[in-house]
Amino acid sequence: MAVDQAERLREMVGSDGETDNTSSTPQPRRTTAWTRVRVIAITSGKGGVGKTNIAVNLAVALQRKGLRVLVIDADLGMANVDVMLGAASRKHMLDLLRPDVKIDDVIVETPYGVRYISGGSGIEKAIEYDRAEKMLLQMKLSGCAAYADVILVDTGAGLGRNVMDFILAADEVLLVTTPEPTSLTDAYAVMKAYSIYATQKNLRLIINRVYEARESHEVALKLQRAAKKFLHMPVDCLGYIFEDIAVTKAVRRQMPLIKAEPDAAASRCIDALAEALVTGSQVQVKRGWRGFLQQIFNFST
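Everything in this summary refers to the structure shown in the same document.

Basis of the calculations
For every chain, the first residue of its written sequence is number 1, and the numbers climb from 1 along that sequence. Confidence filtering applies because this is a predicted model: local features only for residues at pLDDT of at least 70, side-chain atom pairs given and counted only at 80 or more, and all residues used for totals across whole chains, interfaces and linings. Where side-chain values are given, they derive from all heavy atoms of the structure, hydrogens and water being excluded. The numbering of helices and of strands both runs from the N terminus, where a helix is a DSSP run of H or I of at least 4 residues and a strand a run of E of at least 2. Classification of residues uses two cut-offs on accessible area relative to the type maximum, computed with a 1.4 Å probe and protein chains only: under 20% is buried, over 50% is exposed, and between them is partly exposed. Among the buried residues, those of types Ala, Val, Leu, Ile, Met, Phe, Trp, Tyr and Cys that are joined through side-chain atoms within 4.5 Å form a nonpolar core. Should any heavy atoms of two residues lie within 4.5 Å, those residues are considered in contact. When the centres of two rings from Phe, Tyr and Trp lie within 6.5 Å, Trp using its six-membered ring, the rings pair. Their planes under 30 degrees apart give stacked, over 60 give edge-to-face, and anything left gives tilted. Between the first and last residue of a helix there are one fewer steps than residues, each counted as 1.5 Å, and that sum is the expected span. As used in this structure description, the phrase polar contact means that two N or O atoms lie within 3.5 Å; if the pair is within protein, one of them must be able to donate a hydrogen and the other to accept it, and residues adjacent in sequence are counted only when both atoms belong to side chains. DSSP bridges decide pairing: two strands pair if at least two such bridges lie between them. In this charge count, Lys and Arg are treated as positive and Asp and Glu as negative; neither His nor the chain ends contribute. Definition used for salt bridges: Asp or Glu carboxyl oxygen within 4 Å of a side-chain nitrogen of Lys or Arg.

### Section: unusual backbone geometry
Comment: phi is negative for the bulk of residues other than glycine, and the bulk of peptide bonds are trans.
So, step 1. The phi torsion at Arg209 lies on the positive side, around 60°, for a residue other than glycine.
So, step 2. Residue position: Arg209 is located in strand E7 (residues 203-210).
So, step 3. On the basis of relative accessible area, Arg209 is assigned to the partly exposed category, the value being 35%.
So, step 4. With a phi angle near 55°, Gln254 is a residue other than glycine that sits in the positive phi range.
So, step 5. Along the polypeptide, Gln254 turns up in the loop between helix H9 (245-252) and helix H10 (257-260).
So, step 6. On the basis of relative accessible area, Gln254 is assigned to the partly exposed category, the value being 45%.

### Examining the nonpolar core
When a protein is soluble and globular, its nonpolar side chains tend to lie buried together.
So, step 1. In this structure, Ile117, Leu141, Ile151, Met191, Leu205, Trp289 and Phe292 are the most contacted members of the largest nonpolar core, which totals 54 residues.
So, step 2. In terms of residue count, the dominant contributor to this core is helix H7 (residues 181-197) (six residues).
So, step 3. Setting aside residues up to four positions removed in sequence, Met191 forms contacts with Leu175, Leu203, Leu205, Leu223, Ala227, Leu231, Met233 and Val235.
So, step 4. In terms of nonpolar packing, the next biggest core, distinct from the first, is built from 42 residues, Tyr116, Leu238, Ile258 and Ile270 among them.

### Remarks on the packing of aromatic side chains
So, step 1. Following the criterion strictly, the structure yields three aromatic pairs and no others.
So, step 2. Where Phe166 meets Phe292, the ring centres are 6.5 Å apart and the plane angle is 10°; that geometry is what we call stacked. Here Phe166, found in helix H6 (residues 161-169), pairs with Phe292, found in helix H12 (residues 288-296); they are 126 residues apart in sequence, far enough to count as distant. In this structure, Phe166 and Phe292 share a single accessibility class: buried.
So, step 3. On the basis of an interplanar angle of 10° and a centroid distance of 5.2 Å, the ring pair of Trp289 and Phe292 is categorised as stacked. Of this pair, Trp289 and Phe292 both sit in helix H12, three residues apart, roughly one helical turn.
So, step 4. Its relative accessible area of 1% is what places Trp289 among the buried residues.
So, step 5. Given the relative accessible area of 2%, Phe292 is considered buried.
So, step 6. Put simply, the rings of Phe166, Trp289 and Phe292 pair up and form one aromatic cluster.

### Considerations on H7
So, step 1. With 17 residues, H7 should reach 24 Å at 1.5 Å per residue; the first-to-last C-alpha distance of 25 Å fits that figure.
So, step 2. The inward-facing, buried residues of H7 contact strand E1 (38-44), H6, strand E6 (172-177), E7 and helix H8 (213-231).

### Overview of the side chain of Thr110
So, step 1. With respect to the secondary-structure elements, Thr110 resides in the loop between strand E3 (108-109) and strand E4 (115-118).
So, step 2. Its relative accessible area of 11% is what places Thr110 among the buried residues.
So, step 3. Here the side chain of Thr110 touches Val114 through a polar contact of 2.6 Å, landing on its backbone oxygen.
So, step 4. The residues touching Thr110, leaving out its near neighbours within four places in the chain, are Leu85, Ala87 and Tyr116.

### Observations concerning the pairing of strand E5 (residues 150-157)
So, step 1. Taken across its eight residues, E5 has seven buried, putting it largely inside the fold.
So, step 2. In the sheet, E1 pairs with E5 via six bridges, with the strands oriented parallel. Bridging from a neighbouring strand, Val39 pairs with Ile151 of E5.
So, step 3. Alignment of strand E2 (residues 69-74) against E5, held across six bridges, turns out to be parallel. Of the residues in E5, the one forming a bridge with Val69 is Val150.

### Concerning the side chain of Asp82
So, step 1. Structurally, Asp82 is set in helix H3 (residues 81-85).
So, step 2. No salt bridge is formed by the buried Asp82; the nearest opposite charge belongs to Arg90, separated by 11 Å.
So, step 3. Beyond its immediate chain neighbours, meaning those up to four positions away, Asp82 contacts Ala87, Ser89 and Tyr116.

### Focus on the pairing of E2
So, step 1. Of all six residues making up E2, six are buried, and the element is well covered by its neighbours.
So, step 2. Neither face of E2 is open: one carries Val69, Val71 and Asp73, the other Leu70, Ile72 and Ala74, and all of them are buried.

So, in structure tokens, the structure goes:
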């Protein structure tokens with residue numbers, strides 16, 4: 001079933017004629033079709049809403065469904081994806097500027113089948129680089145497309161320039177919020193900025209830390225009504241995640257929840273989110289990884 005879902009996703013986003021042999025351990029794809037990788041930015045209006053935890057567990061859930069997943073930790077202020085994935089990165093994106101460092105050197109293999117790159121300060125300082133350095137980074141980072149069907153970019157929280165660069169460059173944006181009023185206010189601020197600057201809008205909500213499904217529906221409806229009335233932008237809700245003590249226990253064990261406690265209520269919610277991403281009809285790979293890099297480094301497409 002997992003292989004069928006993965007194949008369906010690849011068919012939906014196009015294959016450009018490349019061959020891809022499915023195996024128990026996803027292997028690098030021998031292709032230059034880097035425009036076909038699905039790039040999803042995961043963001044939030046404020047910190048502390050569980051964004052990174054969701055990014056990590058969603059990556060593992062997608063991997064379990066047969067997809068090759070690469071996580072890029074672009075939360076420059078609170079980078080901790082490696083802790084949750086039980087992996088240590090010796091090199092980060094900035095090291096790619098060294099001629100002896102290849103993309104393979106910065107991609108970390110984790111115990112859970114998900115690959116990971118530490119953003120470090122590489123993209124944050126991209127605006128300071130000259131054209132040759134930007135072109136070198138783009139060329140090397142393009143190699144990520146050989147390792148992934150889906151690239152999850154864990155951004156920082158809020159409306160900083162780097163955060164907005166990431167979410168505007170991605171084909172899809174998942175905005176994480178909780179039912180708390182301050183979280184909703186900050187989430188709306190992100191939605192407002194996104195509605196103004198995004199040329200191709202595709203933002204969906206994830207409601208975290210709810211106690212019942214009805215609560216998530218009410219929260220999503222508030223944001224959806226506000227977006228429709230004031231921003232003239234439709235906003236779908238991908239799903240919700242229950243408040244669950246198992247999340248805290250998994251973090252203390254430095255393990256993804258979906259691996260540490262697969263039967264926990266929150267784990268089942270995350271699996272449902274992954275299922276919705278794989279089987280949903282709204283798959284839009286218009287720019288892909290190539291377009292993402294071109295926009296981040298300010299190159300015309």
